[in-house]
Amino acid sequence: MKEGIHPEYRDVVFLDQQTGTKFLSRSTLTSRETIDLDGKTYPLFKCDVTSESHPFYTGAQTRIVETGRVEKFRARFARTAGTVKSAGH
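The structure reproduced in this document is the subject of the present report. (Residues numbered from 1 in each chain as written. Predicted model: local features only at pLDDT ≥ 70, side-chain atom pairs only at ≥ 80, totals over all residues. Heavy atoms only, no water.)

Along the backbone of the protein there are two helices and four strands. Scored against the burial criterion, the 89 residues of the protein give a buried share of 16%. Counting contacts in the protein only where the partners sit at least 6 residues apart, residues at least 24 apart contribute 37% of the total. (Helix = DSSP H or I, 4+ residues; strand = E, 2+ residues; numbered from the N terminus. Buried < 20%, exposed > 50% of the residue type's maximum accessible area, 1.4 Å probe, protein only. Contact = heavy atoms within 4.5 Å.)

Rendered as structure tokens:
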């Protein structure tokens, strides 16, 4: 690797602001805030959403009710369901 052109790659603590969950990972991001974790001081990055709070990962995602859509489709195309166009007879 060429010296002096790469950012510092180090341990960083990520904090999910919705749940308060903290996890330690490695990153090149910089932060003015720090946090003490397990007796060491790490840069702190505050996240709005992580896998701990995102509805897709927590199972809290609401499913769209598809029965209404199916019924609309059937009602819209009910009149054409019984008719078949003849092929040039």
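Direction of pairing for strand E1 (residues 10-16) relative to strand E2 (residues 22-27): antiparallel, over a ladder of six bridges. Paired with Asp11 across the strands is Arg26, a residue of E2. Counting the residues in the hairpin turn of E1 and E2 gives five residues, including Gly20, whose phi is positive at 80 degrees. (Pairing = 2+ DSSP bridges.)

Once that is clear, we can look at the nonpolar core. Grouped together as the largest cluster of nonpolar side chains are five residues: Val13, Leu15, Ile35, Tyr42 and Leu44. At the level of secondary structure, the elements contributing two or more residues to this core comprise E1 and strand E4 (40-47). (Core = buried A, V, L, I, M, F, W, Y, C linked by side-chain atoms within 4.5 Å.)

What follows covers the packing of aromatic side chains. Summed over the entire model, instances satisfying the criterion amount to two aromatic pairs. Consider the rings of Phe14 and Phe23, whose centres lie 5.4 Å apart with planes at 15 degrees: the pair is stacked. According to the relative accessible area criterion, Phe14 is buried, its value standing at 12%. For Phe23, a relative accessible area of 35% puts it in the partly exposed group. Ring plane angle 70 degrees and centroid distance 5.7 Å describe the contact between Phe14 and Phe45, whose orientation is recorded as edge-to-face. With Phe14 in strand E1 and Phe45 in strand E4, this residue pair connects regions lying 31 residues apart in the sequence. Three or more aromatic residues link up through ring pairs in this structure, and these residues are Phe14, Phe23 and Phe45. (Phe/Tyr/Trp six-rings, centres within 6.5 Å; stacked < 30°, edge-to-face > 60°.)

The element E1 is largely enclosed, with a buried count of six among its seven residues. As defined by bridge partners, E1 adjoins E4 across four bridges and the pair is classed as parallel. Each residue of the ladder has a partner; that of Val13, found in E4, is Leu44.

If you walk across this open sheet you meet the four strands as E2-E1-E4-E3, and the pairing is mixed. A single partner strand is all that each edge strand has here, and the edge strands are E2 and strand E3 (34-37). Going from strand to strand, the sheet's axes swing by 45 degrees on average, the running direction of each strand aside. (Axes fitted to C-alpha atoms, helices over the stretch in contact; angles between N-to-C directions.)

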